[in-house]
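Each chain is listed here by its residues.
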Amino acid sequence: MVIEKLKKAEEVLWLNPKLTTYKNADLHCNLTELDIKDAEERLRRFAPFIMKAFPETLKSGGIIESELKEINGMKNSLSENIKGNMLLKMDANLPIAGSVKARGGIYEVLKHTEDLALENGLITLESDYSVLYDKKDFFKNYSVQVGSTGNLGMSIGIMSAAIGYNAIVHMSADAKQWKKDLLRSHGVTVFEYEGDYSAAVKEGRKKSDADPMSYFVDDENSQNLFLGYSVAAGRTKKQLDEMEINVDSEHPLFVYVPCGVGGAPGGVTFGMKEIFGDNVHVFFAEPTEAPCMVLGMATGKHSEISVQDIGLSGKTDADGLAVGRASGFVGKVMEEILSGIATCEDYRLYDYMRMLLNSENTFIEPSSCAAFHTPYLLFNSGEGKKYLEKHNLTDKLENSTHIVWSTGGKLVPDEIRKAYINTYLK
Ligand SMILES: *Cc1c(COP(=O)(O)O)cnc(C)c1O
């Protein structure tokens, strides 16, 4: 039934029928909290390098992290039916890449860099990694390549170029011109393709596989990327503690994350579930023209089905979410732990963007704004009501916390911001 609505590009709130308790959930992978910890420690080892290469991170000691801020003004504008506290996770302002990709993308480049540097005796695990700042003569012999709709390319490209790699980004047709220009200004090679994201990934992989000195970042299957994102959860828990916000069976936490191929929201979900178990309810947000994750999960076909297979275009103003085929790896990990997915029409992206600007004086890019429609539907639809009742949440909502994950925006040039603000699709 949900598939019929998806085909017609109608908005849905899909509730995951396979959701079970975290203890009983089969994650279809071997990842554990130890892997998240390992990723966190690796990022800490690289902090001295990051401070040196990106002085904007000096004040956070080389840790790439974003603010968690209260946005109850936005909550009130969104819907008077939404109960509890609403917070915005400001990954839109993450240093270096200005999007959530500064987590997974940068982590994967650093992981590959550490592997190469250890193998070649440039460092030991105990070294001060800032020495890697002066090893461009070594790293220039190696390439890093990635296929991207834009933001992943920016995070991989900017970090790879800073280390000294020959960085190559394969961009899909929907990638924004300013993102290509910015990358080229960092010395990154940008290839452009007529096709969509999958076509860019395919070409990128082919070129990289033909070169033994090249490393390909595989957004559709990479566990490293996923782990880089998952580190966000522990840090967010610390911020909630500092704000004296409890999460327990009487104080439920809801998290809403925009979804493209699935790595970023999937990694965040895995981390959140590891920490909060059944007290956290995670929902994804997708555009009605590119609902690849809900399509993959609802049919059980995961990466074996694309939105084009059901007659959708895959084209959306949410360029960061313009993905026609979900990650099979992530879809399977989410199979029993994700609460649901809501889809959102493009015109709302701009309306929510303006609403956030007016209520909180905060700018985030349109892709990111898809996340606001999910709490709206949770509190204003029959399906939403069903979820809240089924999980005995109805009488706990006054004590609930809602984290909307803003995933991009800081690097959007002023003139593009102005154009967004003046865009009305309906
Ligand atoms: C990439 C991206 C996402 C989603 O991440 P995926 O790993 O592709 O699911 C969400 N919002 C923005 C702005 C992005 O760039």
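All residue numbers refer to positions counted from 1 along the written sequence of the respective chain. Reporting in this predicted model follows two pLDDT cut-offs: at least 70 for local features of residues, and 80 or more for side-chain atom pairs to be given and counted; totals over whole chains, interfaces and linings ignore these cut-offs and use all residues. The side-chain figures draw on all heavy atoms in the structure; neither hydrogens nor water molecules are used.

Here we look at the overall build of the chain
Phase 1: In this text, helices come from DSSP runs of H or I with a minimum length of four residues, and strands from runs of E with a minimum of two, each type numbered from the N-terminal end. Secondary structure summary: the chain contains 17 helices and 11 strands in total.
Phase 2: Radius of gyration: over C-alpha atoms. The globule rule applied is 2.2 Å multiplied by the number of residues raised to the 0.38 power. Here the chain has a C-alpha radius of gyration of 20 Å; the compact-globule value for 426 residues is 22 Å, and the two agree.
Phase 3: In terms of principal-axis extent, the alpha carbons of the chain reach across some 60 × 45 × 40 Å.
Phase 4: Classification of residues uses two cut-offs on accessible area relative to the type maximum, computed with a 1.4 Å probe and protein chains only: under 20% is buried, over 50% is exposed, and between them is partly exposed. Taking all 426 residues of the chain together, 61% fall into the buried category.
Phase 5: Residue contacts are counted whenever heavy atoms from the two residues lie within 4.5 Å of one another. Taking the intrachain contacts of the chain between residues at least 6 apart in sequence as the baseline, contacts between residues at least 24 apart amount to 74%.
Phase 6: Charge separation in the chain, taken as the distance between the mean sites of 47 positive and 60 negative side-chain charges, equals 1 Å. When charges are tallied, Lys and Arg are placed among the positive residues and Asp and Glu among the negative ones, while His and the ends of the chain are skipped. We put the charge of a Lys on NZ, of an Arg on CZ, of an Asp on CG and of a Glu on CD.

Section: the sheet that holds strand S7 (residues 214–217)
Think of a sheet as strands paired side by side through backbone hydrogen bonds, with each pair either parallel or antiparallel.
Phase 1: Strand pairing requires that DSSP identify at least two bridges connecting the strands. The sheet built from four strands is open, its strands ordered S6-S5-S4-S7 with parallel pairing. Across the chains shown, the open sheet's two edge strands, defined by having one partner strand only, are strand S6 (189–192) and S7. Pairwise comparison of adjacent strand axes, ignoring direction, gives a mean angle of 20 degrees for this sheet.
Phase 2: For strand S4 (residues 143–148) and strand S5 (residues 166–171), the ladder comprises six bridges, and the chain directions are parallel. Lines are fitted to the C-alpha atoms to define the axes, a helix being fitted only along its stretch in contact, and any angle between axes, read from their N-to-C directions, falls within 0 to 180 degrees.

A word on the pattern of salt bridges
Phase 1: Within this document, salt bridges are pairs made up of a side-chain nitrogen of Lys or Arg and a carboxyl oxygen of Asp or Glu, the two lying within 4 Å of each other. Taken as a whole and judged by the stated rule, the model has 26 salt bridges.
Phase 2: Salt-bridge contacts for aspartate 351 lead to arginine 354; the nearest nitrogen and oxygen are separated by 2.9 Å. One end of the pair is aspartate 351 and the other is arginine 354, both in helix H13 (residues 346–360) and three residues apart, which spans about a single turn.
Phase 3: The exposure class assigned to arginine 354 is buried, which follows from its relative accessible area of 11%.

Some thoughts on the nonpolar core
Phase 1: Note on terminology: a nonpolar core comprises buried Ala, Val, Leu, Ile, Met, Phe, Trp, Tyr and Cys residues joined through side-chain atoms within 4.5 Å. Formed by 138 residues in total, the largest nonpolar core has its most connected members in Met159 and Phe372.
Phase 2: Setting aside anything within four residues of it in sequence, one finds phenylalanine 372 in contact with Ile71, Met74, Leu78, Leu88, Tyr352, Leu356, Ile364 and Val404.

Details of the environment of tyrosine 256
Phase 1: With respect to the secondary-structure elements, tyrosine 256 resides in strand S8 (residues 253–258).
Phase 2: Distance from tyrosine 256 to alanine 371, taken between C-alpha atoms, is 5.7 Å for residues 115 residues apart in sequence.
Phase 3: With sequence-adjacent residues up to four places away left out, tyrosine 256 is seen in contact with Phe283, Ala371, Thr374, Pro375, Leu378, His402, Ile403, Val404 and Trp405.
Phase 4: Here the side chain of tyrosine 256 touches histidine 402 through a polar contact of 2.8 Å, side chain to side chain. Two N or O atoms form a polar contact when they lie within 3.5 Å of each other; inside protein one atom must be a possible hydrogen donor and the other a possible acceptor, and for residues adjacent in sequence the pair counts only when both atoms belong to side chains.

Points about the site of the ligand
Phase 1: One heavy atom suffices: a residue is near a molecule or strand as soon as one of its heavy atoms comes within 4 Å of it. Surrounding the ligand, one finds 15 residues, the nearest of these being Lys101, Asn151, Gly260, Gly262 and Thr407.
Phase 2: With respect to the ligand, the side chain of lysine 101 contributes an N or O atom lying 2.7 Å from an oxygen atom.
Phase 3: With respect to the ligand, the side chain of threonine 407 contributes an N or O atom lying 2.7 Å from a nitrogen atom.
Phase 4: Using the Shrake-Rupley algorithm and a 1.4 Å probe, accessible areas are obtained, with residue cover drawn only from the displayed protein chains. Relative to its unbound accessible surface of 380 Å², the ligand loses 98% to contact with the protein.

Regarding unusual backbone geometry
Phase 1: Despite not being glycine, histidine 28 shows a phi value in the positive range, around 55 degrees.
Phase 2: Mapping histidine 28 onto the fold places it in the loop between strand S1 (13–15) and helix H2 (33–53).
Phase 3: One non-glycine residue with positive phi stands out, namely asparagine 392, at about 55 degrees.
Phase 4: With respect to the helices and strands, asparagine 392 occurs in the loop between helix H16 (382–390) and strand S11 (401–406).
Phase 5: On the basis of relative accessibility, which here comes to 54%, the residue asparagine 392 falls in the exposed class.

It is worth stressing that arrangement in space is one thing and function is another; only the former is reported here.
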